[in-house]
Structure formats: structure tokens, C-alpha cells
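# Architecture and fold: a report
Take a look at the letters that make up each chain.
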Amino acid sequence: MSARGHAFGIDIGGSGVKGAVVDLDTGLLTHERLKIATPRPATPEAVAAAVAELVALAGWEGPVGITLPCVVLDGHARTAANIDPAWIGTDARALFSAALGGRTVTVLNDADAAGLAEDSYGTARDLNGLTLLLTFGTGIGSALLYNGTLVPNSELGHLVVEGVEAEHMAAASIKDRDGLTYPEWAQRVSKALIHIENLFWPKVIVAGGGISRDHEQWIPLLTNRTPVIPAVLKNTAGIVGAAMAIAGGIAP
């Protein structure tokens, strides 16, 4: 791999705005990640101010990659998950650029950013073909990559399986809500995965989200045909993917 240098990534979530400089040769953060609590309410203007504060704390003066828990098209937020509904329709790219003094920014969906990072630096990094990342949390986020190229805003958690959206059947939050054991939850996850893999035929599925830390308790119980491997970047994946996006000119 040729030297690619450093880039700055910010991952905006429901509880925190997190950022760091990323070494793009290794996918590692060059320093401990910085974090500011997500404003309440998480309006566009308040979040943009938090982003500007975080970048100033880091002393970073270059372009910035930023994730949002939103579908992002042409720099505009089209949905809003765990963030204020005022984001819907907002020109996020212009907003963040203005908050950062006019510098270049790129904005992308948080699951897409995590997929970029896992595909380049995770256990799927040496695989060709179609890779699918699924993040199991409050809902199910998704990222599709073909030979490292992102197909943005896939939103596969909203596919309907047996009359129910996949994330309403098999998100990690559903396991907690319904008091499911790992074997019971794995059955639901398997149904969702079988439906998804019959439509897309990925070579590998990368399982992310906090529950991936307990992968030994449920991934071996899955009955779908596609190999499922746990994500490895954990809570840095969004930051790394955002840095990759700004360095690579990825602008969904």
C-alpha cells in the first residue's frame, strides 16, 4: 500500500460527537479520540457548533470528513435517526463548511463510513467482491461495498421480512426489549440475513454494533449461508471511514 497520509474524521451519534486524526496507511487513530456530548436538542446549528469546537480542540486545519445518522444525498440529509428532525432537508455539507470557516468537508451516512473502514482495515480487507456490513443497535444500519467501492445509503434494515421490517425483528434493541436469549435472537437475525443475502449475494457479512463484542455467543448460531464475521474497528470505525471519505473524495 502506498503512503496515504493523515486525515481528520468526525462521527456524529446520538450521544456524542467524536473525532480524531487517522493514519490512512494503518487505519489507526494518531491520538486518543476527542468527544463532545451531542447537543440537546441536536439541531443542525447546535451540532455544527460542536463540530467546530471539536476541530478547534484538535488543532486540525485541513479538510474534514463527517458522518451523520442520516441518508445523505448530494450533501443533504434526507432522514434523521437519533438526531433532531430539523436535519431532514438540511444542506449538511454547506452547514459544516461554513461552521469550519469555509474549508472542504464531506458528509456521509454513519453506517456507510463504518463499512468503508471495515472493508479497508478490518477482517474483510483482503476479500474481493461484495461485502455487506450490518450494524446491530437501536436499528440495523447497512453498508454495501464492491471491491472497496461504496454503494451509499443502502438502508437494508428497512427491508420487510415476513411482514416486518428487518430492524424491528432483529436489531439488538429488540433482543433487549423482548428479553430474548442469544439462541432466540440468532434465529431472528438468521431470518433477516437469509432474506438479505437472497437479494444481494454478498461474499461476506461483517457484523458490527455493540453486540458484536459478544459475537462468540451468537454468530456461531446463525443458519444463513454467507460467512458472518465480527467487525474489528468497534467505536473507531465511523471516524476512520469519515477520514477515508474526505481523503478519497467520497461525497454521496
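As a reminder, the structure under discussion sits directly above these lines.
The notes below deal with the structure included here. Worth saying up front: this structure is predicted, and the values here are computed from it rather than measured. (Residues numbered from 1 in each chain as written. Predicted model: local features only at pLDDT ≥ 70, side-chain atom pairs only at ≥ 80, totals over all residues. Heavy atoms only, no water.)

## Re the pattern of salt bridges
- Following the criterion strictly, the structure yields four salt bridges and no others.
- Of the charged contacts, one joins K191 and E162 as a salt bridge, the two residues approaching to 3.6 Å between their closest N and O atoms. Of this pair, K191 sits in helix α6 (residues 182-200) while E162 is found in the loop between β12 (160-161) and β13 (164-165), placing the two residues 29 residues apart along the sequence.
- On the basis of relative accessibility, which here comes to 42%, the residue K191 falls in the partly exposed class.
- Linking R225 and E197 is a salt bridge whose minimum nitrogen-to-oxygen distance equals 3.8 Å. One end of the pair, R225, is in the loop between β14 (204-208) and β15 (228-230); the other, E197, is in helix α6, and 28 residues separate them in sequence.
- In the salt-bridge network here, residues are joined through shared partners; they are R177, D178 and R188. (Salt bridge = Lys/Arg side-chain N within 4 Å of Asp/Glu carboxyl O. Helix = DSSP H or I, 4+ residues; strand = E, 2+ residues; numbered from the N terminus. Buried < 20%, exposed > 50% of the residue type's maximum accessible area, 1.4 Å probe, protein only.)

## A look at the side chain of T90
- If you trace the backbone, T90 turns up in the loop between β7 (76-77) and α2 (92-99).
- With relative accessibility at 16%, the residue T90 sits in the buried group.
- Leaving out residues up to four positions away in the same chain, T90 has contacts with P44, G75, H76, A77 and L95. (Contact = heavy atoms within 4.5 Å.)

## Side note on helix α1 (residues 44-58)
- Between the first and last C-alpha of α1 there are 21 Å, a value that for 15 residues agrees with the 21 Å anticipated at 1.5 Å per step.
- In this structure, the buried residues of α1 make contact with β1 (6-12), β2 (16-23), β4 (34-37), β5 (64-68) and α2.
- Just downstream of α1 lies G59, where phi reads positive at about 70 degrees. (Expected span 1.5 Å × (residues − 1).)

## Focus: the layout of surface pockets
- Each pocket or cavity is described by its volume, and for the largest pocket that value is around 1200 Å³.
- For the lining of the largest pocket, the elements supplying multiple residues, two or more each, are β1, α3 (110-121), β9 (130-136), β10 (140-146) and α7 (237-248).
- Ranked by residue count, the leading element in the lining of the largest pocket is α3, at four residues.
- By residue class, the composition of the lining of the largest pocket is twelve nonpolar, 21 polar and nine charged.
- There are two domains that each give the lining of the largest pocket at least three residues, and those are domain 1 (6-112 + 236-248) and domain 2 (127-230). (1 Å grid on protein atoms, 1.4 Å probe; cavity = no way out; pocket = protein on both sides within 12 Å on 5 of 7 lines; lining within 4 Å. Points joined across faces, edges and corners; volume = space filled by probe spheres on them. Nonpolar A, V, L, I, M, F, W, Y, C, P; charged D, E, K, R; others polar. Domains from an automatic or database assignment.)

## A few points about the environment of P252
- Structurally, P252 can be placed in the segment after α7.
- Residue P252 is classed as buried on the basis of its relative accessible area, which comes to 13%.
- Sequence separation between P252 and E216 is 36 residues; the distance between their C-alpha atoms is 34 Å.
- With near-sequence residues (within four places) excluded, P252 lies in contact with V72, L73, D74, G75, R93, V107, L108, P152 and N153.

## Some details on the pairing of strand β8 (residues 105-109)
- Within β8, five of the five residues are buried, which leaves the element mostly enclosed by the surrounding structure.
- In terms of strand pairing, β5 meets β8 through five bridges, oriented parallel. The residue bridging L68 from the neighbouring strand is N109, located in β8. (Pairing = 2+ DSSP bridges.)

## So, the sheet that holds β9
- Pairing is mixed in the open sheet, where five strands are placed in the order β11-β10-β9-β14-β15. Edge positions in the sheet fall to β11 (149-151) and β15, since each has one partner strand and no second. Recorded for the sheet is a direction-independent mean angle of 30 degrees between the axes of neighbouring strands.
- In this fold α6 packs onto β9, β10, β14 and β15, with an angle of close to 150 degrees to the strand it touches most, β9. (Axes fitted to C-alpha atoms, helices over the stretch in contact; angles between N-to-C directions.)

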